[in-house]
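Examination of the molecular architecture
For reference, the chains in residue letters:
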Amino acid sequence: MAVMGIDLSASSKRGSAFALLDDKAGLIDCSQFFEPDELGGLLEKHKPELVAIDAPLSLPLGLDCLEESHPCSPTQSYKGRSAEQDLARIGIGCFFTTKRSIIKGVIYRGQDISQRLSIQGYRVIEVYPYATKVILFGKKMPSKVTSRGLAYLKERVSTIVTGVEGYMDHLTHDGCDAILAAYTAWLHGNDQTDALGIPEEGHIIVPKVSDRAT
Ligand SMILES: [Zn+2]
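Residues numbered from 1 in each chain as written. Predicted model: local features only at pLDDT ≥ 70, side-chain atom pairs only at ≥ 80, totals over all residues.

Further remarks concern the nonpolar core. Within the largest apolar cluster, 53 residues are counted, with the highest numbers of intra-cluster contacts made by Leu21, Ala52, Ile53, Ile179 and Ala182. If you tally residues by element for this core, the top one is helix α6 (residues 173-189), at ten residues. (Core = buried A, V, L, I, M, F, W, Y, C linked by C-beta atoms within 7 Å. Buried ≥ 20, exposed ≤ 12 C-beta atoms within 10 Å, placed from the backbone. Helix = DSSP H or I, 4+ residues; strand = E, 2+ residues; numbered from the N terminus.)

See below:
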């Protein structure tokens, strides 16, 4: 059975990178899609048992939207979601999901796509490839915007997933994140992950933190 990872962009005008892994963590496909229909075709073809999406898929308890003009407000005392607080506690920075978020487009799109997929019967998890990277590879990594950063990431990714060689020349940072998302799904299927946050608010799935230094 395959697993899929998606590095979601804020709109269908920009492509979203995806990666598909087989049950041995071998790369089956890594490319991008634009419209939901294209994603539908990929799901139809590969029927992944788990789809991991790199985007916030839930809102803090009490919020039903992120519009500042709407009266809904968080019912918890912490900022953002509990899973985001858990990330902060293990020293991994992220955007907190609030009405002032600068990534509202991705959040709304992530919720929309995850709801569609759930209705179609797919199991969807939220992942955060930056956390996956830090937990698996350590905090010291060259900046993602440099060519050295991309070279480093490609090299590291090819140590955890097989079959990356054929994609090396065209692999972008987003593609690497999609592979990391898919790999986190694969780890989840093999019982090697932790679920951050609380179920009623939504989990972020990361590789097991306990026995690794972060
Ligand atoms: Zn609202």
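Side-chain positions along a regular strand alternate between the two faces of the sheet. What you see with strand β4 (residues 50-53) is no split at all: Leu50 and Ala52 on one side and Val51 and Ile53 on the other are buried throughout. Pairing analysis gives four bridges linking strand β1 (residues 3-7) to β4, with the strands arranged parallel. The residue of β4 that forms the bridge with valine 3 is leucine 50. As paired elements, β4 and strand β5 (residues 124-126) share three bridges and run parallel to each other. In the sheet register, valine 51 faces β5, and the bridge partner there is valine 124. (Pairing = 2+ DSSP bridges.)

Where helix α4 (residues 129-137) meets α6, the axes come as close as 9 Å, and the angle between the chain directions of the two elements is 75°. With respect to their mutual orientation, α4 and α6 come out roughly perpendicular. Here Pro129, Thr132 and Lys133 of α4 lie close against α6, whose contacting residues are Asp177, Leu180, Ala181 and Thr184. Of the residues contributing to the contact of α4 with α6, the split by class is three nonpolar, two polar and two charged. (Axes fitted to C-alpha atoms, helices over the stretch in contact; angles between N-to-C directions. Parallel < 35°, antiparallel > 145°, perpendicular 65-115°, else oblique. Contact = placed C-beta atoms within 7 Å. Nonpolar A, V, L, I, M, F, W, Y, C, P; charged D, E, K, R; others polar.)

Next up on the list: the pairing of strand β3 (residues 27-33). Pairing geometry for strand β2 (residues 16-21) and β3, over six bridges, is antiparallel. In the sheet register, leucine 20 faces β3, and the bridge partner there is aspartate 29. Turn length for the β2-β3 hairpin, with the two strands adjacent in sequence and antiparallel, is five residues, and the turn residue alanine 25 shows positive phi of about 60°.

Here we take up the sheet that holds β3. The five strands lie next to each other as β3-β2-β1-β4-β5, forming an open sheet whose pairing is mixed. Since the sheet does not close on itself, it has two edges, and those belong to β3 and β5, each with one partner. Taken over all neighbouring pairs, the strand axes of this sheet differ in orientation by 20° on average, direction set aside. Contacts from helix α1 (residues 36-46) reach β1, β2 and β3 within the one sheet, and its direction differs from that of β3 by about 165°. Where helix α3 (residues 104-119) meets the sheet, its contacts fall on β4 and β5, and the angle it forms with β4 comes to roughly 175°.

To continue, consider unusual backbone geometry. Residue lysine 47 is not a glycine yet carries a positive backbone phi of 45°. Looking at the element boundaries, lysine 47 is found in the loop between α1 and β4. Positioned with a positive phi, aspartate 191 is a non-glycine residue whose angle comes to about 65°. By the secondary structure assignment, aspartate 191 is in the loop between α6 and β6 (193-196). Here aspartate 191 falls in the exposed class, since 7 other C-beta atoms lie within 10 Å of it.

This brings us to α4. Note that an α-helix has 3.6 residues per turn; residues three or four places apart therefore point the same way. Those residues of α4 not exposed but buried are Pro129, Ala131, Thr132, Lys133, Val134 and Ile135. As for α4, its buried residues are in contact with β1, α2 (82-89), α6 and β7 (204-207). Of the residues flanking the end of α4, it is glycine 138, one or two places downstream, whose phi is positive at about 90°.

Position of histidine 70 among the secondary structure elements: in the loop between β4 and α2. A residue is classified by how many C-beta atoms lie within 10 Å of it, and histidine 70, with 11 of them, is exposed. Separated by 69 residues in sequence, histidine 70 and lysine 139 place their C-alpha atoms 39 Å apart.

A few words on the packing of helix α5 (residues 147-160) against α6. Across the interface, α5 lies against α6 with an axial gap of 10 Å and an inter-helix angle of 25°. If you check the angle between α5 and α6, you find them roughly parallel. Handedness of the crossing formed by α5 with α6: left-handed. In this structure, α5 contributes Leu150, Leu153, Lys154, Val157 and Ile160 to the contact, and α6 contributes His173, Cys176, Ile179, Leu180 and Tyr183. When grouped by side-chain class, the residues that make up the contact of α5 with α6 number eight nonpolar, one polar and one charged. (Left-handed = near helix turned anticlockwise from the far one by under 90°.)

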